[in-house]
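Here is what each chain is made of, one letter per residue.
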Amino acid sequence: MSLSDAQAASLSAETVVVAAGRPPRERDQPVNPPLVLSSTYYGTGPLGDGDRGYGRYSNPTWDPFEEALAQLEGAELPGLLYASGLAAVSSALSLVPAGGVLVMPSHSYAGSLVMATELAAKGFLELRTVDIADTDAVLAQLAPADGRPASMLWLESPTNPMLGVADIRALTTAAHAAGAVVVTDNTFSTPLVQQPLALGSDVVLHSVTKYLSGHSDVVLGALVTSDAGLRAALLHQRTIHGGIAGPFEAWLALRGLRTLALRVERSQASAAVLAGRLSTHRRVGSIRFPGLPSDPGHERARSQMKGFGSVLCIEMAPIASGDGGHEGGLSGADAADKMIRALKLWLPATSLGGVESLIERRRRHTAEPASVPDNLVRMSVGIENVEDLWADLEQALAGLDG
Ligand SMILES: Cc1ncc(COP(=O)(O)O)c(C=O)c1O
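Residues numbered from 1 in each chain as written. Predicted model: local features only at pLDDT ≥ 70, side-chain atom pairs only at ≥ 80, totals over all residues. Heavy atoms only, no water.

**Here we look at the overall build of the protein**
So, step 1. Looking only at helices and strands, one finds 14 helices and 12 strands in the protein.
So, step 2. Expressed as lengths along the three principal axes of its C-alpha atoms, the size of the protein is roughly 85 × 60 × 35 Å.
So, step 3. Counting the 402 residues in the protein, one finds 54% classified as buried.
So, step 4. Once local pairs closer than 6 in sequence are excluded, the contacts in the protein between residues at least 24 apart make up 67%.
So, step 5. Summed over all atoms, the accessible surface of the protein reaches about 16900 Å², with 54% contributed by carbon and sulfur.
So, step 6. Seen as two clouds, the 31 positive and the 42 negative side-chain charges of the protein have centres 3 Å apart. (Helix = DSSP H or I, 4+ residues; strand = E, 2+ residues; numbered from the N terminus. Buried < 20%, exposed > 50% of the residue type's maximum accessible area, 1.4 Å probe, protein only. Contact = heavy atoms within 4.5 Å. Areas by Shrake-Rupley, 256 points an atom, 1.4 Å probe, with all protein chains shown as cover. Lys, Arg positive; Asp, Glu negative; His and termini not counted. Charge placed at Lys NZ, Arg CZ, Asp CG, Glu CD.)

See below:
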């Protein structure tokens, strides 16, 4: 590849997203990696055994993305692409030994929680859920005086959708002392905003579906680690369980990665503006965004992130009877649904991290834990003009006034 690890380490991430994962600088080589559609490779008889073998073991279209992501996360080994973020979650959870203890945020992404809960129900592991922002509570579960120590600490920071911020350095240190492997879901931050390996994590996870590919047209996941033993175990799991990436998706993901720095810069700036304005709107009961100085996770986020991401959550205030002509009033959840229906630019759809701004009331998903308030609206800020985004929100909120 054209960018060595040493070069990547000396360049800024804004440059690495553009320069990494390109073919060698040789006469007549393409400047972009080709899309390789083949389920098998020559490699028997007189042609030798070959390294690639079969399309479930490897694909040349995965390599540039896996290399670029590793360089961005500061890993010493190539990353591993998967069919989806949850396929990557499944692979990472396979590192927990039979009957081992998994400590996980009670507000992890709902799919990760469902998977861990089902594994625990089958007796494959013991699950301890914790408030990840409460460091003492997590420490107590990692190595309880009267219980078994954890085999794995799962971190997601900020969490989806509650935006709780974990003290990654302190928790990884304690987890390692207890003998646990630490996996950090870095989907919300991207390596441009937070580098969990540098903060002590052993494995970093991404739903590549989100910011890394960035255009809401791909479903993919990835894991990254500098530990050769862990990588070998993960690669084996991927090969045997078969949760591999389609080559076209991998190719699209690298194409999306090229603009990651611009997209993150714009969407983070817009999220900060919108959070500030929403925080004083009378229809907004409360707001969660680590970029606001009033947010409980603000100082911790400042100490371990290079920004605050571009997802924010509001809890809609209930509307009293008669206010805005609402006979009998409206619950916060109903006010949220009414506001979302009135939007013309924001897209009422799940997911996050795309160029377009997405909005949804999270509890419309039955898998979302009941501890997520039913009036909580998650907003993924895209790259549109921030004043257009604000005007749309303002008119939809004004619609609640009757
Ligand atoms: C934080 C986080 N991790 C993992 C996933 C799962 O990723 P995927 O939908 O690509 O399987 C998601 C999906 O929303 C997510 O938000």
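Once you've had a look at it, read on.
**Structural notes on the pairing of strand β4 (residues 152-156)**
Moving residue by residue along a regular strand, the side chains alternate between the two faces of the sheet.
So, step 1. For β4, a buried count of 5 out of 5 residues is recorded, marking the element as mostly surrounded by other parts of the structure.
So, step 2. Burial along β4 is two-sided: M152, W154 and E156 facing one way and L153 and L155 facing the other are all buried.
So, step 3. The pairing of strand β2 (residues 101-105) with β4 spans 2 bridges and is classified as parallel. Counted as the bridge partner of L102 is M152 from β4.
So, step 4. Sheet analysis places β4 next to strand β5 (residues 181-185), joined by 5 bridges and oriented parallel. (Pairing = 2+ DSSP bridges.)

**Structural notes on the layout of surface pockets**
It is the rolling of a water-molecule-sized probe over the atoms that shows where space remains empty.
So, step 1. Each pocket or cavity is described by its volume, and for the largest pocket that value is around 340 Å³.
So, step 2. Around the largest pocket sit 23 residues that line it, and Y109, N160, S207, K210 and L352 are the ones nearest its centre.
So, step 3. The set of elements that each furnish at least two residues to the lining of the largest pocket consists of α4 (85-93) and β6 (203-207).
So, step 4. Per-element accounting of the lining of the largest pocket gives the leading share, 3 residues, to α4.
So, step 5. Split into classes, the residues belonging to the lining of the largest pocket amount to 8 nonpolar, 10 polar and 5 charged.
So, step 6. The calculated volume of the second largest pocket comes to roughly 210 Å³.
So, step 7. S90, L93, S94, V96, P97, A98, M115, L119, F124, L125, Q237 and H241 are the residues that line the second largest pocket.
So, step 8. Within the residue set of the lining of the second largest pocket, elements represented by two or more residues are α4, α5 (110-121) and α9 (228-241).
So, step 9. Grouping the constituent residues of the lining of the second largest pocket by class yields 8 nonpolar, 4 polar and no charged. (1 Å grid on protein atoms, 1.4 Å probe; cavity = no way out; pocket = protein on both sides within 12 Å on 5 of 7 lines; lining within 4 Å. Points joined across faces, edges and corners; volume = space filled by probe spheres on them. Nonpolar A, V, L, I, M, F, W, Y, C, P; charged D, E, K, R; others polar.)

**Some points on the site of the ligand**
So, step 1. Residues in close proximity to the ligand include S84, G85, L86, Y109, E156, N160, D185, T187, S207, T209, K210 and L220, which together make up its full environment.
So, step 2. Here an oxygen atom of the ligand sits 2.9 Å away from a polar atom, N or O, in the main chain of L86.
So, step 3. With respect to the ligand, the side chain of T209 contributes an N or O atom lying 2.6 Å from an oxygen atom.
So, step 4. Protein burial of the ligand: of its 390 Å² of free accessible surface, 91% is covered by the chains. (Near = heavy atom within 4 Å. Polar contact = N/O pair within 3.5 Å; in protein donor to acceptor, adjacent residues only side chain to side chain.)

**Considerations on the packing of helix α11 (residues 260-278) against helix α14 (residues 386-398)**
So, step 1. As a packed pair, α11 and α14 sit with axes 10 Å apart at the nearest point and diverge in direction by 30°. The orientation of α11 with respect to α14, classified from their angle, is roughly parallel. Helix-helix and strand crossings are classified by hand; for α11 and α14 the assignment is right-handed. In this structure, α11 uses S270, V273, L274, R277 and L278 to contact α14, whose residues at the interface are V386, E387, L389, W390, L393 and L397. (Axes fitted to C-alpha atoms, helices over the stretch in contact; angles between N-to-C directions. Parallel < 35°, antiparallel > 145°, perpendicular 65-115°, else oblique. Left-handed = near helix turned anticlockwise from the far one by under 90°.)

**Notes on the pattern of salt bridges**
So, step 1. If you walk through the whole model with that rule in mind, you get 17 salt bridges.
So, step 2. Of the charged contacts, one joins E126 and R128 as a salt bridge, the two residues approaching to 3.0 Å between their closest N and O atoms.
So, step 3. Linking R148 and E126 is a salt bridge whose minimum nitrogen-to-oxygen distance equals 2.9 Å. Here R148 is found in the loop between α6 (135-142) and β4, whereas its partner E126 is found in strand β3 (residues 126-130), with 22 residues between them in sequence.
So, step 4. Classification of R148 as partly exposed rests on a relative accessible area of 43%.
So, step 5. Residue class for E126 comes out partly exposed when judged on its relative accessible area of 30%. (Salt bridge = Lys/Arg side-chain N within 4 Å of Asp/Glu carboxyl O.)

**Re the domain arrangement of the protein**
So, step 1. Under the domain assignment used here, the protein contains domain 1 (5-257) and domain 2 (261-401).
So, step 2. Here domain 1 and domain 2 have C-alpha centroids that lie 28 Å from each other.
So, step 3. Each partner contributes to the interface: domain 1 provides 40 residues, whereas domain 2 provides 36 residues.
So, step 4. Taking both sides of the interface into account, the surface hidden between domain 1 and domain 2 amounts to around 2900 Å²; carbon and sulfur atoms contribute 57%.
So, step 5. Our enumeration of links across domain 1 and domain 2 arrives at 0 salt bridges.
So, step 6. One can count 16 residue pairs in polar contact (both at pLDDT 80 or more) joining domain 1 with domain 2.
So, step 7. Looking at the side of domain 1 that touches domain 2 element by element, the count peaks at 4 residues for helix α8 (residues 190-193). (Domains from an automatic or database assignment. Buried area = accessible area lost by both parts, 1.4 Å probe.)

**Things to note about a nonpolar patch on the surface**
So, step 1. The grouping of L35, L37 and F248 at the surface amounts to a nonpolar patch, some 300 Å² of accessible area in total.
So, step 2. Within the secondary structure, F248 sits in helix α10 (residues 247-257).
So, step 3. Overall, the relative accessible area of 43% leaves F248 in the partly exposed class. (Patch = residues over 30% accessible without salt bridge, like charges linked within 9 Å, V, L, I, M, F, W, Y side chains within 5 Å.)

**Focus: the packing of α4 against α5**
So, step 1. Following both chains from N to C, one finds α4 and α5 inclined at 40°, their axes separated by 10 Å at the closest point. Between α4 and α5, the crossing angle belongs to the class labelled oblique. The two elements α4 and α5 meet at a crossing, and its hand is right-handed. Where α4 approaches α5, its residues L86, V89, S90 and L93 are matched on the opposing element by G111, S112, M115, A116 and L119.

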